[in-house]
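Structural features, examined
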Amino acid sequence: MRRTLLPLLILLTLLALLPGGCTPASVSGDHFSLDTIISITLYDTQDAAILQQCWDRIDELEDTLSRTRVQSDIYRINHAQGKPVTVRPETAELLSTALEICKESQGALDITIGPVTELWNFKSSDPQLPDAGVLEEAVGRVGYDRVVLSGDTVTLPQGMALDLGAIAKGYIADELTTTLQQAGCKSALLNLGGNVLTLGEKPDHSPWVIGIRDPEGSASQSLLNLELIGSKAVVTSGIYERGFTLQGRRYHHLIDPDTGWPADNGLASVTIVAASSTLADGLSTACFVLGVDDGLSLLARYEDVEGLFIMQDGSCHTTDGFASLLQSPDPK
């Protein structure tokens, strides 16, 4: 079942967090990491030391999960030449969840896409397309089902490479909520560059309001609002996030593992709402690659997960329960 909405929406913009701004017993801060600006607001404490704990945890996890930092578990796996690698508990946990989503999506999410993503440079001032033959060869070295995870030991065949960019940020967001809860914080809002996570209730017990913008509009414009109660994750994958235009065509970072090229199915973005940011992050990419029909079928297998699919022509499709998350218009 799907419901068609007005032609607007997505990425994620925070708005109307509390009437009049932060309450007196609050503290907020920003931190640049994971190649984005991370913003956290704590609503039931003024202890700035808790924010520092969050920044430290982010840096620790990036050191663990990055594919480019030589001390990370992912770098060590990718350069082990097929030999088993013992990893940290966080890495094993994330890989287990990621591989489950890879399987459920039949490879639409594939964390072994590293040989392909290495051929794309979406940050270059002079972007170029990868050689088609080289790209085809790289696709042949992609296959999540060849990863062997046994406890805290990972074995990856030589020539393959992990890339957790489609799910690591979601996992880090979940880990930050654990850090906050251990510090005694019960009400917080986190924004990891579009991965939004609410923790607990707002002090005034009103819903968290999360704005979704039109893929064609500016990041500051909210065209649709969600109202969320309690702890929820909202994650968007869109063609406007990272990419380049060459000879009139848009090439974005949401790569189809079967072809090595950006997924081309008419979608502009996919937003997922779930209790787990890890799950929402992985599913947003998987659903984007699958397209509307198969994406909705995938989401139907998960409880308490809702999705919004925005097409490049402006039309929108949702899971059945998504409408219940929409903010009601103010009465006139």
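Not measured: the values here are computed from a predicted model.

Moving on to the sheet that holds strand 7 (residues 153-155). An order of 5-7-6 is seen for the 3 strands of this open sheet, with the pairing classed as antiparallel. Either end of the sheet is taken by a strand with one partner, and the two such strands are strand 5 (85-86) and strand 6 (148-150). As judged from the 2 bridges shared by strand 5 and strand 7, these two strands associate in the antiparallel manner. When the sheet's bridge partners are listed, T86 is paired in strand 7 with T153.

Let us look at the environment of L226. Inspection of the secondary structure assignment puts L226 in strand 11 (residues 224-228). Spatially, the C-alpha atoms of L226 and S324 are 8.9 Å apart, while their sequence positions differ by 98 residues. Excluding residues within four positions of it along the chain, L226 makes contact with W208, V209, I210, I212, V234, V273, F322, L325, L326 and Q327.

Moving on, we get to the packing of aromatic side chains. Taken as a whole and assessed by the stated rule, the structure comprises 7 aromatic pairs. On the basis of an interplanar angle of 0° and a centroid distance of 5.4 Å, the ring pair of W120 and F122 is categorised as stacked. Like F122, W120 is buried. Arranged with centres 5.7 Å apart and planes meeting at 35°, the rings of F122 and F244 form a pair that is tilted. Of this pair, F122 sits in the loop between helix 4 (114-117) and helix 5 (132-139) while F244 sits in strand 13 (residues 243-246), and the two are 122 residues apart along the sequence.

Cut-offs applied
- Sequence order sets the numbering: in each chain, residues are counted from 1 along the sequence as written.
- Predicted model: local features are reported for residues with pLDDT of at least 70 only, side-chain atom pairs are reported and counted for 80 or more only, and whole-chain, interface and lining totals are derived from all residues.
- Derived side-chain values reflect all non-hydrogen atoms in the structure, with water molecules and hydrogen atoms excluded from consideration.
- Strand pairing requires that DSSP identify at least two bridges connecting the strands.
- Numbering of helices and strands runs from the N terminus; a helix is a DSSP stretch of H or I covering at least four residues, while a strand is a stretch of E covering at least two.
- Whether two residues are in contact is decided by their heavy atoms, any of which lying within 4.5 Å being enough.
- Two aromatic rings from Phe, Tyr or Trp, using only the six-membered ring of Trp, form a pair when their centres are within 6.5 Å; if the ring planes differ by under 30 degrees the pair is stacked, by over 60 it is edge-to-face, and anything between is tilted.
- Only protein chains enter the accessibility calculation, which uses a 1.4 Å probe; a residue whose area is less than 20% of its type maximum is buried, one above 50% is exposed, and one in between is partly exposed.

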